[in-house]
Amino acid sequence: MKPYTRSIIELFDGKKRFLIPLYQRQYAWKAQPQLELLWEDIERSVQRLEQDRSSLTPHFMGAIVIAQVKTFGKQVQAYEIIDGQQRLTTFQLLLAAIRDVAQANGSKYEAELQKYLLNDGVMENQEVERFKLWPSLNDRRSFIGIVDPHVDPHVLGPKPVDEDGIVRRSVAAHAYFKDKIESHVDDNGSFDEHRLEILFEALKDGLAIVSIELEGGDDPQTIFETLNSRGVDLTPGDLMRNFIFQRAKGLGQADHSLLVDKLYEKHWLPLDRAVWGQPASRGRQSRQRLDWMLTDHLSMHIGDLVSVETLFDSYRRWILNSRPFLDVTAELESISATAAIEKRLFDQDAKDPIGNFGRFADAFDVSTAMPLVVYLATEEAVGADIDRALEALESYILRRDICGLTTKNYNRFFIGIIDRLRAAEGNKVDALVLYLSSRQSDLDRWPDDAEWQHAWLGRDQYKGSRQPRLRYIFEAIELAKRTALNEDIQIRSTLSIEHIMPQKWRTNWPIPGFDHLDDSDTDPDHVARKVARDGVVDNLGNLTLLTGPLNSAVSNGPYSSKMPAVRAHSSLALNRELVEYDDWNEGTISSRGLALFGTAKKIWVAPTRGADQSAVNDLAGDGVKLPPDGTECKFTYAGVDYAGTIREGHLVVEGVERAFATFSGASKTLTRTNRNGWNDWHLRDQMGGWVLADDWRRHLANPVGVESPGETS
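Residues numbered from 1 in each chain as written. Predicted model: local features only at pLDDT ≥ 70, side-chain atom pairs only at ≥ 80, totals over all residues. Heavy atoms only, no water.

(A) The overall build of the protein, seen in detail. Each helix and strand counted, the protein has 29 helices and 20 strands in total. Counting only residues that meet the buried cut, the protein has 49% of its 713 residues in that class. Relative to all contacts within the protein whose residues are 6 or more apart in sequence, the contacts with residues 24 or more apart total 67%. Of the accessible surface of the protein, which amounts to about 33,700 Å², a share of 49% is contributed by carbon and sulfur atoms. (Helix = DSSP H or I, 4+ residues; strand = E, 2+ residues; numbered from the N terminus. Buried < 20%, exposed > 50% of the residue type's maximum accessible area, 1.4 Å probe, protein only. Contact = heavy atoms within 4.5 Å. Areas by Shrake-Rupley, 256 points an atom, 1.4 Å probe, with all protein chains shown as cover.)

What follows is the structure, encoded as structure tokens:
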């Protein structure tokens, strides 16, 4: 095999023929995306010629594989197309369209272009060999009719049986190019010969193809199979890597190493490791983690939906048309920044707010939020406020889930927020919270405490597919219930959701007062009580966390034996509290559900609208975040005392490297639990005593509490 780099014009220069074997598929390129992408490449080459001719370098258009066919006497030298017939056909249709526009406007380029469409001179069969490209039977009539509209039809072979009423792809492609070229050479209604000349030059110098020419010992069929069926399909990540590093060539070397190799080693080698090749599912699609990360990366930057199937084409178009980066180095640095965030989302470290959100996103199946999370985590203006942003986003999603509100609009909704935040002046997280709080329709509203409580107490929440979500909720409540008197634990075992009153309650949980009746009895009061019990058995108040073995052991047992076993073998605060209940019925289920809701309200904050503004935690509508700089703060948890000071609008905790934008962010990091930090931290007041941070916030209208630096009492 011998590879040659040739321009489109050079490919068809000279006396030669390209033959498409009958077994190859018909011409299949369509306006979108193939022809549109090709035309965009041509336009970019034209622009480079017009702006700076010396900077023009050929744009690589792919490869073709051809094998020389033996010819004799006056026969024109011929080549069988092994691979690349779609490209070759398209290039011929493009040249024919330029020629036709030139002809219609009396341009000298009509004759010039004809040389690349038709052979001339001596040949054995003038009617056939004059055509540079000879298509397979199904495409022959339409294609030859475009290249030479005056051809004698008998040379074209039999007319396909499906020809009538069918617009063949070759005809549509020729019309597409002709329309584009006519617009390109139009100058306020007049033909611009110079623009046609530049267009021809772009094809001659700006677009290149690799022509792989087989030699006598090469097996064409083996090579065709190798190219088309034996290899592993390239992933979007593979295509993007090649696209990026092809443009990074020519950077030179330093310390005897190519700079492009150093770029690869720093930015892309980590992405070629096994962790990014692991499969991950989003909805019904399963792809490599790398492909999902790159999809999120592009969606975040362009503020629009990106399909993983069209990721490479979309990315290529964005880079070439928008030129968002100064150079390839900046482009790779941007990808690395996104990868660093998504790695934390994948790792799901509970001590890391981004990792914890990854755990939440998996449980609630909300990968649609990832581009927004990447934006928030990489946006410099958000910075240490990322904890507050993710708390708001988590609350928004979780409250809607409990209320049974739809998720079908999430992909567009979350991506649409990105451009809003980019344009927002001032605090980006405040803008996020205010926008989420402002939504009012079922498609996108953030439920307030009243709506959330109604759903928490009244809706069935237990379904098999919801187990991960319920487990996340109950684990968060469990951690929030732990006090300074409890040991600091982590939930390491896989816990399952268990009904306290079993779903099959009729076996061992008879309704008091109706013990003498069987289940088939139609007594109205008994029927009403059974309906009422069925209506609460799947409510949150009747659910708890248990280990798998304990769950199996006590599953459908009566209350008298089930509760002692749960209390004896479970160390969870959720289950220890059950000792408070002597009986378990519809009333106690409602009572426990309300108690759980009281804890949940402290974890998942409310929107900033409505009368209950005081319960909005760190997202209060009054804009209060932290006390004045210099304020002393303290917090005690699990027997450990934490001391801090407000500096430059952030809480700096002694012995902790990072600063916190909110009290809740500090509490969450220090305790590895979801907490309302306003109820944790105390502030030094003017009298030298301590006041709860939430009390200070509630009484800002009467500022007698915290002493600001420089004040005297």
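From this point, the narrative continues.
(B) View of the side chain of Asp192. Relative to the assigned elements, Asp192 resides in the loop between β7 (190-191) and α8 (193-206). Here Asp192 sits buried without a salt bridge, and the closest side chain of opposite charge, Arg195, lies 5.1 Å off (N-O distance). Side-chain polar atoms of Asp192 contact the backbone nitrogen of His194, separated by 3.0 Å. (Lys, Arg positive; Asp, Glu negative; His and termini not counted. Salt bridge = Lys/Arg side-chain N within 4 Å of Asp/Glu carboxyl O. Polar contact = N/O pair within 3.5 Å; in protein donor to acceptor, adjacent residues only side chain to side chain.)

(C) Region of the structure containing the sheet that holds strand β18 (residues 659-660). Taken in spatial order, the 6 strands make up an open sheet running β18-β17-β16-β15-β19-β20, and their pairing is antiparallel. Of all the strands in the sheet, just β18 and β20 (690-692) have a single pairing partner and so form its edges. Sheet analysis places strand β15 (residues 632-637) next to strand β16 (residues 640-647), joined by 6 bridges and oriented antiparallel. Its bridge partner being in β16, Lys634 is matched across the sheet by Ala643. Helix α28 (residues 663-671) rests against β15, β16, β17 (650-653), β18 and β19 (682-684) of the sheet, and its axis sits at about 35° to β15. (Pairing = 2+ DSSP bridges. Axes fitted to C-alpha atoms, helices over the stretch in contact; angles between N-to-C directions.)

(D) Here's a closer look at helix α6 (residues 137-147). Residues Asp139, Arg140, Ser142, Phe143, Ile144, Ile146 and Val147 constitute the buried set of α6. Those residues of α6 that are buried lie in contact with α3 (85-104), β5 (133-134) and α7 (169-184).

(E) Main features of the sheet that holds β5. Reading across from one edge, β1-β8-β3-β4-β2-β5 is the order of the 6 strands in this open sheet, with mixed pairing throughout. What marks the edges here is a single partner per strand, and that holds for β1 (2-7) and β5. Relative to strand β3 (residues 59-69), α3 is tilted by about 105°, and along the sheet it contacts β2 (17-19), β3, β4 (78-83), β5 and β8 (207-214).

(F) Expanded view of the pairing of strand β13 (residues 495-499). In terms of residue burial, β13 counts as a mostly covered element, since 5 of its 5 residues are buried. Direction of pairing for β13 relative to strand β14 (residues 543-547): antiparallel, over a ladder of 5 bridges. If you follow Ser496 over to β14, its bridge partner there is Leu546.

(G) The side chain of His184, seen in detail. Along the chain, the position of His184 falls in helix α7. In this view, His184 contacts Trp39, Val46, Arg195 and Leu199; residues no more than four positions away in its chain are not counted.

(H) Focus on the packing of aromatic side chains. If you walk through the whole model with that rule in mind, you get 34 aromatic pairs. Ring centres of Phe243 and Phe312 lie 6.0 Å apart, and the angle between their planes is 80°; this geometry places the pair in the edge-to-face category. Pair noted here: Phe243 is in helix α10 (residues 236-246) and Phe312 is in helix α14 (residues 311-322), with a separation of 69 residues, a long-range link. Overall, the relative accessible area of 10% leaves Phe243 in the buried class. Phe312 gets classed as buried once you look at its relative accessible area, which sits at 18%. Measuring from centroid to centroid gives 5.9 Å for Phe635 and Tyr642, while their planes differ by 25°, and the two rings are stacked. The pair formed by Phe635 and Tyr642 is uniform in burial state, with each residue classed as buried. (Phe/Tyr/Trp six-rings, centres within 6.5 Å; stacked < 30°, edge-to-face > 60°.)

(I) Examining the confidence of the model for the protein more closely. Averaged over all residues, the pLDDT of the protein is 83; the fraction at 70 or higher stands at 84%. The least confident element of the protein is strand β10 (residues 257-258), whose mean pLDDT is 48; the most confident is helix α17 (residues 370-378), at 97. Predicted confidence is poor over residues 610-623, with pLDDT under 50, and the contacts of this stretch with residues over four places away or in other chains come to 35 contacts. Note that residues 707-713 has pLDDT below 50 and, in this model, 12 contacts with residues that lie over four places away or in other chains. (pLDDT = per-residue confidence, 0-100.)

(J) How the structure looks around the pattern of salt bridges. Enumeration over the complete set of coordinates arrives at 31 salt bridges. In this structure, Arg130 engages Asp148 in a salt bridge whose closest nitrogen and oxygen atoms are separated by 2.6 Å. You can see Arg130 sitting in the loop between α5 (126-129) and β5 and its partner Asp148 sitting in the loop between α6 and α7, a full 18 residues away along the chain. The pair formed by Arg130 and Asp148 is uniform in burial state, with each residue classed as buried. Residues joined in a network through salt bridges with shared partners are Arg6, Glu10 and Glu213.

(K) Layout of unusual backbone geometry. The omega torsion of the bond from Gln32 to Pro33 falls at 5°, within 30 degrees of zero and hence cis. Locating Pro33 in the fold gives a position in helix α2 (residues 31-51). Within the chain, Gln348 stands out as a residue other than glycine whose phi angle is a positive 60°. Here Gln348 is to be found in the loop between α15 (328-347) and α16 (353-364). Residue Gln348 is classed as partly exposed on the basis of its relative accessible area of 25%.

(L) Inspection of the packing of α17 against helix α19 (residues 410-423) at higher detail. It is the contact of α17 with α19, at a shortest axis distance of 8 Å, that shows an interaxial angle of 25°. With respect to each other, α17 and α19 are oriented roughly parallel. The two elements α17 and α19 cross, and the hand of that crossing is left-handed. Between α17 and α19, the contacting residues are Pro371, Leu372, Tyr375 and Leu376 on the first element and Phe414, Ile415, Ile417, Ile418, Leu421 and Arg422 on the second. Within the contact of α17 with α19, the residues separate by chemical class into 9 nonpolar, no polar and 1 charged. (Parallel < 35°, antiparallel > 145°, perpendicular 65-115°, else oblique. Left-handed = near helix turned anticlockwise from the far one by under 90°. Nonpolar A, V, L, I, M, F, W, Y, C, P; charged D, E, K, R; others polar.)

(M) Layout of the nonpolar core. Judged by nonpolar contacts, the single largest core of 64 residues is most densely connected at Ile397, Phe414, Trp456 and Trp604. Here this core gets 9 residues from one element, more than from any other, and that element is helix α18 (residues 386-402). Those residues in contact with Ile397 that lie beyond four places of it in its chain are Phe357, Phe360, Val366, Ala369, Tyr410 and Phe414. In terms of nonpolar packing, the next biggest core, distinct from the first, is built from 57 residues, Leu35, Ala96, Tyr176 and Leu203 among them. (Core = buried A, V, L, I, M, F, W, Y, C linked by side-chain atoms within 4.5 Å.)

(N) How the structure looks around α16. For α16, which comprises 12 residues, the first-to-last C-alpha distance of 16 Å matches the rise-based estimate of 16 Å (1.5 Å per residue) to within 8%. Most of α16 sits out of view: 10 of its 12 residues are buried. Among the residues making up α16, those that are buried are Pro353, Ile354, Gly355, Asn356, Phe357, Gly358, Phe360, Ala361, Ala363 and Phe364. Where α16 is buried, its residues meet α15, α17, α18, α22 (467-481) and α28. (Expected span 1.5 Å × (residues − 1).)

(O) Representation of the environment of Ala369. Here Ala369 lies in the loop between α16 and α17. For Ala369, the contacting residues outside a window of four places in its chain are Leu393, Ile397 and Phe414.

(P) Spotlight on the pairing of β16. Linkage of β15 to β16, two consecutive antiparallel strands, is achieved through a turn of 2 residues, within which Ala638 is found at a positive phi near 50°. The pairing of β16 with β17 spans 4 bridges and is classified as antiparallel. Among the inter-strand pairings, Ile646 is bridged to a residue of β17, identified as Leu651.

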